[in-house]
Amino acid sequence: MFTSSLERAPIGIFDSGVGGLTVLRQLYRQLPNETIIYFGDTARLPYGIKTPAEILQYVREILHWMQQQQVKMVIMACNTSSALALEVVSQEFKLPILGIILPGAKAAVSCGKRIGVIATPATAKSNAYRRAILEMASDVRVWQVACPEFVPLIEQNRINEPYTVDVARSYLEPLLEQEIDTLVYGCTHYPHLAPVLRSLLPSHVKIVDPAVHIVTACAQELDLQGARNTHLPLPTRFAVSGCPQQFANSSAQWLGYTPMVEMVDLSELRVRS
Ligand SMILES: N[C@@H](CCC(=O)O)C(=O)O
């Protein structure tokens, strides 16, 4: 590819649903010139309760689709995919693929010594954050809590309900007992709960949002490859495997506008893998 066409090629970003919008928001802030294709695998969410083999299969299918869209890079805006599939697919695809765990872990060790990670059951079980953090700093302690109810509550837009606050309190309780000084959002959906979570944490506890740091890593990678777009970007393209209207409605509050959303049929995705 010539440099100019590489520059203008889109960045692909995916998640199971609206979680990746917290990464998209950072892309808009840090890399406003990039053209972006967003894929939400809404027909198959939540990923966090699926088996590692299922998650790997979904990620392969999405990456094949992304390749067809001629993206220059893929951001896994999903911790579960990064924890369970990144290592394997990085070997399989000739495409720069960025995972979110490493940038998140790096930010966490620069913040504190008693680190709590809230994540999906699959991510927590994989120990990906604990391993990454302890590899960088052996003098820190890490506690991981699986939060199975968060993603469905966020996808159903039940963020401000008293029930959600109760659930959040119960998930944070074991971490507060350990007197954590840092909390990592180990799932890209969770920044949508930021006001609730912040209100339940003592003010000295720092919050790490890996979305910020994966986009910083993306900017560095683009510079390394001379692939940063210096032209005006095209509008973001949104595609989902489930109901486009539902995604358009639920994402409007995070985006500030109601997006046009395409549907990619699961059978179409499967053919590509
Ligand atoms: N956004 C999620 C995936 C959530 C899910 O579908 O369970 C993550 O970062 O892990």
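Residues numbered from 1 in each chain as written. Predicted model: local features only at pLDDT ≥ 70, side-chain atom pairs only at ≥ 80, totals over all residues. Heavy atoms only, no water.

Draft legend 1. Spatial organisation of the packing of helix α2 (residues 21-30) against helix α12 (residues 244-255). Contact geometry of α2 with α12 gives a least axis separation of 11 Å together with a crossing angle of 45 degrees. Taken together, the axis directions place α2 and α12 in an arrangement best described as oblique. In this structure, α2 crosses over α12, and the sense of that crossing is right-handed. Contact residues: Leu21, Leu24 and Tyr28 in α2; Phe247, Ser251, Trp254 and Leu255 in α12. A per-class count over the contact of α2 with α12 returns 6 nonpolar, 1 polar and no charged. (Axes fitted to C-alpha atoms, helices over the stretch in contact; angles between N-to-C directions. Helix = DSSP H or I, 4+ residues; strand = E, 2+ residues; numbered from the N terminus. Parallel < 35°, antiparallel > 145°, perpendicular 65-115°, else oblique. Left-handed = near helix turned anticlockwise from the far one by under 90°. Contact = heavy atoms within 4.5 Å. Nonpolar A, V, L, I, M, F, W, Y, C, P; charged D, E, K, R; others polar.)

Draft legend 2. Structural detail: the pairing of strand β9 (residues 237-240). Direction of pairing for strand β2 (residues 36-40) relative to β9: parallel, over a ladder of 4 bridges. By the bridge assignment for β9, Ile37 is matched with Arg237. Two strands pair when backbone bridges link them, and β9 and strand β10 (residues 261-263) are joined in this way by 3 bridges, in the parallel orientation. Looking at the pairing, Val240 lines up with Met263 of β10. (Pairing = 2+ DSSP bridges.)

Draft legend 3. Representation of the site of the ligand. Taken together, 13 residues lie around the ligand, and Asp15, Ser16, Tyr47, Asn79 and Thr80 are the ones closest in. Within the backbone of Tyr47, one N or O atom sits 2.6 Å away from an oxygen atom of the ligand. For the shell around the ligand, the residue count by class is 5 nonpolar, 7 polar and 1 charged. (Near = heavy atom within 4 Å. Polar contact = N/O pair within 3.5 Å; in protein donor to acceptor, adjacent residues only side chain to side chain.)

Draft legend 4. How the structure looks around the sheet that holds strand β3 (residues 73-76). Spatially, 6 strands are ordered β4-β3-β1-β2-β9-β10 in an open sheet, and the strand pairing comes out parallel. Looking along the sheet, the strands with just one partner apiece sit at the ends: β4 (97-98) and β10. Contacts between helix α4 (residues 79-92) and the sheet are confined to β1 (11-15), β3 and β4, with β3 contributing the most and set at about 150 degrees to the helix.

Draft legend 5. Quick peek at the state of the cysteines. Applying the stated criterion across every chain, the model contains 0 disulfides. Lacking any disulfide linkage, Cys78 is separated from the closest cysteine sulfur, that of Cys187, by 7.1 Å. Judged by relative accessible area, Cys78 falls into the buried class, the value being 3%. Between Cys147, a cysteine without a disulfide, and Cys187, which holds the nearest cysteine sulfur, the sulfur-to-sulfur distance is 8.5 Å. On the basis of relative accessible area, Cys147 is assigned to the buried category, the value being 1%. (Disulfide = S-S within 2.5 Å. Buried < 20%, exposed > 50% of the residue type's maximum accessible area, 1.4 Å probe, protein only.)

Draft legend 6. Highlighting the packing of α2 against helix α11 (residues 210-225). The contact between α2 and α11 brings their axes to 9 Å, and the two run at 50 degrees. When the axes of α2 and α11 are compared, the pair comes out oblique. For the crossing formed where α2 meets α11, the hand is right-handed. Listed contacts from α11 to Thr22, Val23, Gln26, Leu27 and Gln30 of α2 are Ala211, Val212, Ile214, Val215 and Thr216.

Draft legend 7. Looking closely at the pattern of salt bridges. By the definition in use, this model includes 9 salt bridges. Of the charged contacts, one joins Arg158 and Glu161 as a salt bridge, the two residues approaching to 3.0 Å between their closest N and O atoms. With a relative accessible area of 26%, Arg158 lands in the partly exposed category. In this structure, Asp166 and Arg169 form a salt bridge, with 3.2 Å as the shortest nitrogen-oxygen distance. Highlighted residues: Asp166 and Arg169, both in helix α9 (residues 162-177), separated by 3 residues, approximately one helical turn. On the basis of relative accessible area, Asp166 is assigned to the partly exposed category, the value being 43%. Members of the salt-bridge network, linked through shared partners, are Asp41, Arg44 and Glu61. (Salt bridge = Lys/Arg side-chain N within 4 Å of Asp/Glu carboxyl O.)

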